[in-house]
Amino acid sequence: MFMELYPWHWLVLGMLLMIAEIFVPSFTIFWFGLGALGVGGLLWAIPSMSLTLQLLLWTIFSALLTAFWFLVMKPRMVDKTRAGMSREALLGEVGQVIREPDGERRGLVRFSKPLLGADEWTFICDDTVHIGDRVQIRDVSGNTLVVALKTTK
């Protein structure tokens, strides 16, 4: 049995697979659909391509696109800002003093990872702190952190 696929077959298959992603939210089927679109585009440019080569290219495109997504793009899209964290999730975080409190002026603390979108925060502290001291969040008061000197144990 001889079967011939035209570019529009691949384009329709690609669109159907990409639409199927709406109903199966794994974000894997999408890449198979994109691979089919790629084969459809190549078949349009090279109409004499054999069915075996078309299926091989679809497999290769789909595998490469899926691997690219899961190994390269998805890890880079992780939200590292901790935006939207609750107050309780902030408690206990440790940062380093970069400006001492002075009278009415509040101190400034820097965290290694951004908290709620910023890596530097103003703070108030009952302890005497100096630049370079490590402090730990005890409470949040508006836009200011209430911290205590971190004791090493």
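Since the structure is predicted, the reported quantities are computational estimates derived from the model, not experimental observations.

Some words on the pattern of salt bridges
According to the stated counting rule, one finds one salt bridge in the structure shown. The residue Arg110 makes a salt bridge to Glu120 at a minimum N-O spacing of 2.2 Å. You can see Arg110 sitting in strand 2 (residues 107–115) and its partner Glu120 sitting in strand 3 (residues 118–125), a full ten residues away along the chain. Accessibility expressed as a relative area gives 39% for Arg110, which makes it partly exposed.

Topic: the UniProt feature "domain: NfeD-like C-terminal" (unreviewed entry) in the chain
When the UniProt feature table is mapped to this numbering, "domain: NfeD-like C-terminal" (unreviewed entry) covers residues 87–147. Along residues 87–147 the backbone is 7% helical and 57% strand, and the end-to-end C-alpha distance reaches 13 Å.

Some words on the nonpolar core
Judged by nonpolar contacts, the single largest core of 13 residues is most densely connected at Val109, Phe111, Phe123, Ile137, Leu145 and Val147. Those elements that place two or more of their residues in this core are strand 2, strand 3, strand 4 (134–141) and strand 5 (144–149). Beyond its immediate chain neighbours, meaning those up to four positions away, Phe111 contacts Glu93, Val94, Gly95, Asp119, Trp121, Ile137 and Leu145. Formed by seven residues, the second largest nonpolar core is a distinct cluster that contains Ala36, Val39, Leu43 and Met49.

Parameters and conventions
- Residues numbered from 1 in each chain as written.
- Predicted model: local features only at pLDDT ≥ 70, side-chain atom pairs only at ≥ 80, totals over all residues.
- Heavy atoms only, no water.
- Salt bridge = Lys/Arg side-chain N within 4 Å of Asp/Glu carboxyl O.
- Helix = DSSP H or I, 4+ residues; strand = E, 2+ residues; numbered from the N terminus.
- Buried < 20%, exposed > 50% of the residue type's maximum accessible area, 1.4 Å probe, protein only.
- UniProt positions renumbered as here; feature names shortened; annotations may be inferred.
- Core = buried A, V, L, I, M, F, W, Y, C linked by side-chain atoms within 4.5 Å.
- Contact = heavy atoms within 4.5 Å.

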